[in-house]
Amino acid sequence: MKLKGQTAIVTGGGRDIGAAAAKALAAEGANVVINYFSSSAGAEAVVADITAAGGQAIAVQGDLNDPAQVKGLVDAAVEKFGGLNILVNNSGGLVGRVSIKEMTLEHWNTVMDLNLTSTFLMINESLKHIEKGAIVNLASQAGRDGGGPGAAAYAASKGAVMTLTRGLAKELGPDIRVNAICPGMIDTDFHNTFTKSEVRKNVAAGTPLKREGLPVDIANLVVFLASDDSAFITGTNVDINGGTLFS
């Protein structure tokens, strides 16, 4: 097992990509702390699946824009498993498709807090405990191409995550590697909510691999970037989109 004895926090781990990542990390021997905000049933189901397979996991509710709750999450991980080695910053979202002309400052700040500030707060607190390990941030293809209609704020926040990843790779090396993942069209509730079905079909048909990605596709990349298999990789923003976009 590549991650035996290590402890990982996965934010937004109650569904979709976060849930798949938590299970994949546990399958490689990691103790997993699953953060969730409202997906309590999903988070507990992931814990049950991991423990049924012989792994160790707990679920911890928390608002990642509240520094006190961020500290509580990290403290719970350290108290339960004795340390922290891996942080997967998966929490975030689009909130809504709003054009810049129609956008309020409140919406802008909400999107930035959800995707960027939460990532900063988690990293800031986790670094009190990670001496050697890996940070994996979830960015987006939108950070490369500006996103779809009404997603400029989301794209900007994910672009900032990508730049933060590069800066932290320089700051935290050699003991901590920092990378980000830029998913394209993945079959998740995100696109169930915000993307029309005909758009999804057209995007999938236009990729060289002729399909949407699956959460497990992203989870496998999370494990790679968290493990020593990627020991000479840091500061990268890895595209995973079936060939929709090359960078």
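Above this note sits the structure.
Residues numbered from 1 in each chain as written. Predicted model: local features only at pLDDT ≥ 70, side-chain atom pairs only at ≥ 80, totals over all residues. Heavy atoms only, no water.

Draft legend 1. Representation of the packing of helix H3 (residues 67-81) against helix H4 (residues 105-126) within the structure. At their nearest, the axes of H3 and H4 sit 9 Å apart, and the two run at 50° to each other. One finds that H3 runs oblique with respect to H4. Handedness of the crossing formed by H3 with H4: right-handed. In this structure, H3 uses Pro67, Val70, Lys71, Leu73 and Val74 to contact H4, whose residues at the interface are Leu121, Met122, Glu125 and Ser126. Split into classes, the residues belonging to the contact of H3 with H4 amount to six nonpolar, one polar and two charged. (Axes fitted to C-alpha atoms, helices over the stretch in contact; angles between N-to-C directions. Helix = DSSP H or I, 4+ residues; strand = E, 2+ residues; numbered from the N terminus. Parallel < 35°, antiparallel > 145°, perpendicular 65-115°, else oblique. Left-handed = near helix turned anticlockwise from the far one by under 90°. Contact = heavy atoms within 4.5 Å. Nonpolar A, V, L, I, M, F, W, Y, C, P; charged D, E, K, R; others polar.)

Draft legend 2. View of the sheet that holds strand S7 (residues 237-240). As summarised here, the arrangement of the seven strands in space is S3-S2-S1-S4-S5-S6-S7, forming an open sheet in which the pairing is parallel. Looking along the sheet, the strands with just one partner apiece sit at the ends: strand S3 (57-61) and S7. Averaged over all neighbouring strand pairs, the angle between strand axes comes to 20°, with direction disregarded. Summarising the sheet, strand S4 (residues 86-89) and strand S5 (residues 133-138) pair through four bridges and their orientation is parallel. Looking at the pairing, Val88 lines up with Val136 of S5. Taken strand by strand, helix H6 (residues 152-172) contacts S5, strand S6 (176-183) and S7, and its axis lies near 160° from that of S6. (Pairing = 2+ DSSP bridges.)

Limitation: the analysis is restricted to geometry and does not speak to function.
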